[in-house]
Amino acid sequence: MVKTVLVIEGNRADSPNFIPAIRRKGYRVEVVRSGKEALQNSPSIHPDIVVVNAASLRTNGKRICSTLRKALSGCPIILIHSSGEIYNGGMEADVVLVLPFTARKLINRIRALAPEKINKTLKAGPIFLDLERNMVQCEGRQSRLTPKLTQLMEAFLRHPGEVLEREHLFTSVWQTEYLGDTRSLDVHISWLRQAIEENPRNPKYLITIRGVGYRLDPV
C-alpha cells in the first residue's frame, strides 16, 4: 500500500524543497500551504505521516504541530527547523530536524515512523490467497493449502494471465534443477483446481497450455 505524506510548506525560496525526492521514493505526497489548510484537507487526504516545514513558513511550527497532534490522533509528525531558530522540544512532533540536512535523512525518518506494511493477502479476480494462514478462497469456497501449494498459488497470483512454463514452476517452487520427473507438479495443479474450481475436470481459472505449462485466468 502506498503511504501518503502530507507536507505543510510555505513559499520561502531559501528553504530546500524535499517533495520531489519523497515522490521518487514511491510516496504519495499532498502539499498544503498552512496548518489551517492541513486541518481542512486532512479528512480527505488520510495522511500516514505529516511533515511540517516550519523553515518555509516563517514560524517555529509549534502551534501547527500541537493542533495537528490533537486532530490527527496517532499520525506521526516531523518538524523541520532552520538552523538559526531555537526549539525547546516538547511533545508536538515525533522528530525535529534542523537544517541543513539531506533528503535521504528525511526519507529515512519517514520510513521509520510510517513503515510499509507487508501485504499478506494476494488477490486476482475472485481468488484470494492468505499467505499467513495458507488459505485460498474463490467464489465462496475456502480451502487450507499445504505450504507448497501456497507457494504454487502465489506464483500464479503474482503473474495473472501469463503462461508459466512447467520447468519454471518446478524450479521456482521446488527449488531444484532436477527436471527428470515433473509429475509432482501435475498432482499439485490438480489439488489447486480442487480448491478453487467449481468443476476441477473442466477448469475455468487454472488453464493448461499444452506442451508449455499453465496460466491463471482470473476472469
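### A short note on the pairing of strand β8 (residues 135–138)
And step 1. In this sheet, β8 lies alongside strand β7 (residues 127–130) in antiparallel orientation, the contact comprising four bridges. Of the residues in β8, the one forming a bridge with I127 is C138.
And step 2. As judged from the four bridges shared by β8 and strand β9 (residues 141–144), these two strands associate in the antiparallel manner. Within β9, the position partnered with Q137 by the bridge is Q142.
And step 3. A loop of two residues connects β8 with β9, the two strands running antiparallel in sequence, and E139 in this loop sits at a positive phi of about 50 degrees.

### Focus on the pairing of strand β4 (residues 77–81)
And step 1. With five of five residues buried, β4 is to be regarded as a mostly interior element.
And step 2. Taking every second residue as pointing to the same face, both faces of β4 are buried, with I77, L79 and H81 on one and I78 and I80 on the other.
And step 3. By the bridge criterion, four bridges tie strand β3 (residues 49–53) to β4 in an arrangement that is parallel. In the strand pairing of β4, N53 is matched with I80.
And step 4. You can see the chain leave β3, run along helix α3 (residues 62–71) and come back into β4, and the turn it takes is right-handed.

### Observations concerning helix α6 (residues 166–174)
And step 1. Within α6, burial applies to R166, L169, F170, V173 and W174. Projected onto a plane normal to the axis of α6, the buried residues spread over an arc of 95 degrees and lie on a single side.
And step 2. Residues of α6 that are buried in the fold lie against α5 (147–157), β10 (163–165), α7 (183–196) and β12 (213–216).

### Describing the packing of aromatic side chains
Centre distance and the angle of the planes are the two values used to describe a pair of aromatic rings.
And step 1. The full count for this structure, using the stated rule, is one aromatic pair.
And step 2. Note on F18 and F101: the rings are 5.0 Å apart at their centroids and 5 degrees apart in plane angle, and the pair reads as stacked. Remark: F101 occurs in the loop between β5 (95–98) and α4 (103–113) and F18 occurs in the loop between β1 (4–9) and α1 (19–24); sequence separation between them is 83 residues. Across this residue pair, the class does not change: F18 and F101 are buried.

### A few points about the nonpolar core
The nonpolar side chains of a soluble globular protein tend to be buried with one another.
And step 1. Within the largest apolar cluster, 27 residues are counted, with the highest numbers of intra-cluster contacts made by I127, M153, F156 and I196.
And step 2. If you list the elements that add at least two residues to this core, you get β6 (121–124), β7, β8, α5, α6, α7 and β12.
And step 3. The greatest single-element share of this core, amounting to six residues, is contributed by α5.
And step 4. If near-sequence neighbours (up to four positions away) are discounted, I127 is found in contact with L122, V136, Q137, C138, M153, L157, I196, Y205 and L216.
And step 5. Counting 21 residues, the second-largest nonpolar core is a separate cluster that includes V5, I22, L99 and I110.

### Things to note about the environment of V7
And step 1. Examined against the element boundaries, V7 turns out to sit in strand β1.
And step 2. For the pair formed by V7 and V52, sequence separation is 45 residues and the distance between their alpha carbons is 6.0 Å.

### Observations regarding the side chain of T150
And step 1. Within the secondary structure, T150 sits in helix α5.
And step 2. Accessibility expressed as a relative area gives 5% for T150, which makes it buried.
And step 3. What T150 contacts, discounting residues up to four positions off in sequence, is L129, L131, N134 and L145.

### A short note on the sheet that holds β3
And step 1. Spatial ordering of the open sheet is given by β2-β1-β3-β4-β5, a layout of five strands whose pairing is parallel. Unpaired on one side and paired on the other, β2 (28–32) and β5 mark the two borders of the sheet. Strand-to-strand twist in this sheet, taken as the mean axis angle between neighbours without regard to direction, amounts to 20 degrees.
And step 2. Where β4 lies against β5, four bridges are found, and the strand directions are parallel. Of the residues in β5, the one forming a bridge with L79 is V96.

Conventions we followed
Residues numbered from 1 in each chain as written. Predicted model: local features only at pLDDT ≥ 70, side-chain atom pairs only at ≥ 80, totals over all residues. Heavy atoms only, no water. Pairing = 2+ DSSP bridges. Helix = DSSP H or I, 4+ residues; strand = E, 2+ residues; numbered from the N terminus. Buried < 20%, exposed > 50% of the residue type's maximum accessible area, 1.4 Å probe, protein only. Right-handed = clockwise from strand over helix to strand, strands pointing away. Arc of directions from axis to C-beta. Contact = heavy atoms within 4.5 Å. Phe/Tyr/Trp six-rings, centres within 6.5 Å; stacked < 30°, edge-to-face > 60°. Core = buried A, V, L, I, M, F, W, Y, C linked by side-chain atoms within 4.5 Å. Axes fitted to C-alpha atoms, helices over the stretch in contact; angles between N-to-C directions.

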